[in-house]
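In case you want the letters, here they are:
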Amino acid sequence: MKRALLMLPLALFLLMLVFLFRGLYLDNDELPSALVGKRFPAFTLPSVEAGEAPVTEQDLLGQPSLVNVWATWCVACRVEHPVLNKLAAEGVVIHGVNYKDDTEAARKWLRDLHDPYQLNISDPEGLLGLDLGVYGAPETFFVDADGVIRYKFIGVIDERIWESDLAGRYQALVDEAQP
Amino acid sequence: MKLLMALFAAMLISLSATAAIDTYEFDSEEQRARFYYLSSELRCPKCQNQNIADSNSPIANDLRREIYRMLQEDRSNDQIVDFMVERYGEFVRYRPALTAQTAVLWFAPAVFLLVGLFALIFMLRRRQKAYKTGGTEQLSAEEQQRLKSLLEKKDRND
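The model shown is predicted, which means the values in this text are computed figures rather than measured ones. (Residues numbered from 1 in each chain as written. Chains lettered and ligands numbered in written order. Predicted model: local features only at pLDDT ≥ 70, side-chain atom pairs only at ≥ 80, totals over all residues. Heavy atoms only, no water.)

Asks: Can you help me understand the sheet that holds strand S3 (residues 65-70) of chain A in this one?
Replies: Strand pairing within a sheet occurs via backbone hydrogen bonds; the two strands may be parallel or antiparallel. Residue and element names in this part refer to chain A. Taken together, five strands build an open sheet; the order of strands is S5-S4-S3-S6-S7 and the sheet is mixed. The two strands at the open ends of the sheet, each matched to only one other strand, are strand S5 (120-123) and strand S7 (149-154). Across the sheet, the mean angle separating the axes of adjacent strands is 20° when strand polarity is ignored. Where strand S4 (residues 94-99) meets S5, four bridges bridge the pair, whose relative direction is parallel. By the bridge assignment, Asn98 is partnered in S5 with Ser122. Its contacts with the sheet put helix H5 (residues 159-177) on S3, strand S6 (139-143) and S7, and the angle it makes with S7 is roughly 165°. (Pairing = 2+ DSSP bridges. Helix = DSSP H or I, 4+ residues; strand = E, 2+ residues; numbered from the N terminus. Axes fitted to C-alpha atoms, helices over the stretch in contact; angles between N-to-C directions. Contact = heavy atoms within 4.5 Å.)

Right, dumping it as structure tokens:
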């Protein structure tokens, strides 16, 4: 009994070690989005392209889509852009939210680097970004056909992460939408 | 003396200048106090170990602007915090709300303290008991004998 008690501090220390060791490999940067499971927030914002009608949350309904928050000042978005182009060519529905950006620069970006987006939402004040809980770019929301946010991915979508994880999530939403 | 005081005052001012600088005009001192309270209670989502009062990141700037806007609209502190939690999750609170998930955070320190206190009391009691009963009683007759002979040996050597 007494010996067991003496071992207690060692046991506690080892237990702490386990937690600390795990902590070394935890990815703290990823926050669970507060919006998963909620409806895409209501908005009415102009299109990035001149002369197009304003976009609202109603335009997202009917088919599952990825809503990609991007900006020309975001270096990582430039890395992500070719991947989005490729996905769009494969038939993935992607909408863009141009977040706190200069509209002229955004148009030039879309002209020069190709435009993978079906809807181009312009959010120069970051108002939609605030309602979406965006704190950096790029961030990508997976929205189902009923306009409910089902998943949020923070960071650059590359081919590896798309194939290993995200493609399955998108396909599940597509399958769900089929009657 | 006056000069010294002025110098000291100047040092205080430069200390507070480490916080991010905004130019908001408040209707009242009470509103200003609430602004500082809220922006120091909420965590910046981008730079995770700073509150939004101290951070200069664009998102912290935006959130300060939102707090200011909501204060002007006469919203309560709870409403403002809820607004942030709805968008950025529980994470933005430096003081997490008390839920089943966070109960450990809230109560573990008190539990540890209590366990420590009990252990301390237990040990002190035991020591006191040993002291009261004289301690030597715990030695058997044989041990007593040995102790005596050891002491005698020591005396002879001295």
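Asks: Just to check I follow, could you spell out helix H4 (residues 77-88) of chain B for this structure?
Replies: Within an α-helix, residues lying three or four positions from one another point in the same direction, as the helix has 3.6 residues per turn. Residue and element names in this part refer to chain B. Counted at 1.5 Å a residue, the expected span for H4 with its 12 residues is 16 Å, and the 16 Å between its end C-alpha atoms agrees. For H4, the complete set of buried residues consists of Ile80, Val81, Phe83, Met84, Val85, Arg87 and Tyr88. Two residues or fewer past H4, Gly89 is found with a positive phi of approximately 85°. (Expected span 1.5 Å × (residues − 1). Buried < 20%, exposed > 50% of the residue type's maximum accessible area, 1.4 Å probe, protein only.)

Asks: What is the right way to look at helix H3 (residues 58-72) of chain B in this model?
Replies: In this model H3(B) runs 21 Å from its N-terminal to its C-terminal C-alpha over 15 residues, within 8% of the 21 Å that 1.5 Å per residue would give. Residues of H3(B) that are buried include every one of Ile59(B), Ala60(B), Asp62(B), Leu63(B), Arg64(B), Glu66(B), Ile67(B), Tyr68(B), Met70(B) and Leu71(B), and no others. Looking at the buried residues of H3(B), the elements they touch are S4 and helix H4 (127-131) of chain A together with helix H2 (29-41) and H4 of chain B. The first or second residue beyond H3(B) is Asp74(B), which carries a positive phi of 65°.

Asks: Looking at this model, I keep getting lost on the packing of aromatic side chains. Mind explaining?
Replies: To describe a pair of aromatic rings, you give the distance between the ring centres and the angle between the ring planes. Residue and element names in this part refer to chain B. For the structure shown, the criterion picks out 12 aromatic pairs over all chains. A centroid spacing of 4.4 Å and a plane angle of 20° characterise the contact between Tyr24 and Tyr68, whose relative ring orientation is stacked. Taken together, the residues Tyr24 in the loop between helix H1 (2-16) and H2 and Tyr68 in helix H3 connect sequence positions 44 residues apart. The exposure class assigned to Tyr24 is partly exposed, which follows from its relative accessible area of 23%. (Phe/Tyr/Trp six-rings, centres within 6.5 Å; stacked < 30°, edge-to-face > 60°.)

Asks: In this structure, what is going on with the packing of H3(B) against H4(B)? I would like to understand it.
Replies: Residues and elements named next belong to chain B. Where H3 contacts H4, the two axes come as close as 10 Å, and the packing angle between them is 145°. The way H3 lies across H4 gives a crossing that is right-handed. Residue-level inspection shows Ile59, Leu63, Glu66, Ile67, Arg69, Met70 and Leu71 of H3 in contact with H4, the latter providing Ile80, Phe83, Met84 and Tyr88. When its residues are assigned to classes, the contact of H3 with H4 shows nine nonpolar, no polar and two charged. (Left-handed = near helix turned anticlockwise from the far one by under 90°. Nonpolar A, V, L, I, M, F, W, Y, C, P; charged D, E, K, R; others polar.)

All quantities given are derived from atomic positions and should not be read as evidence of function.
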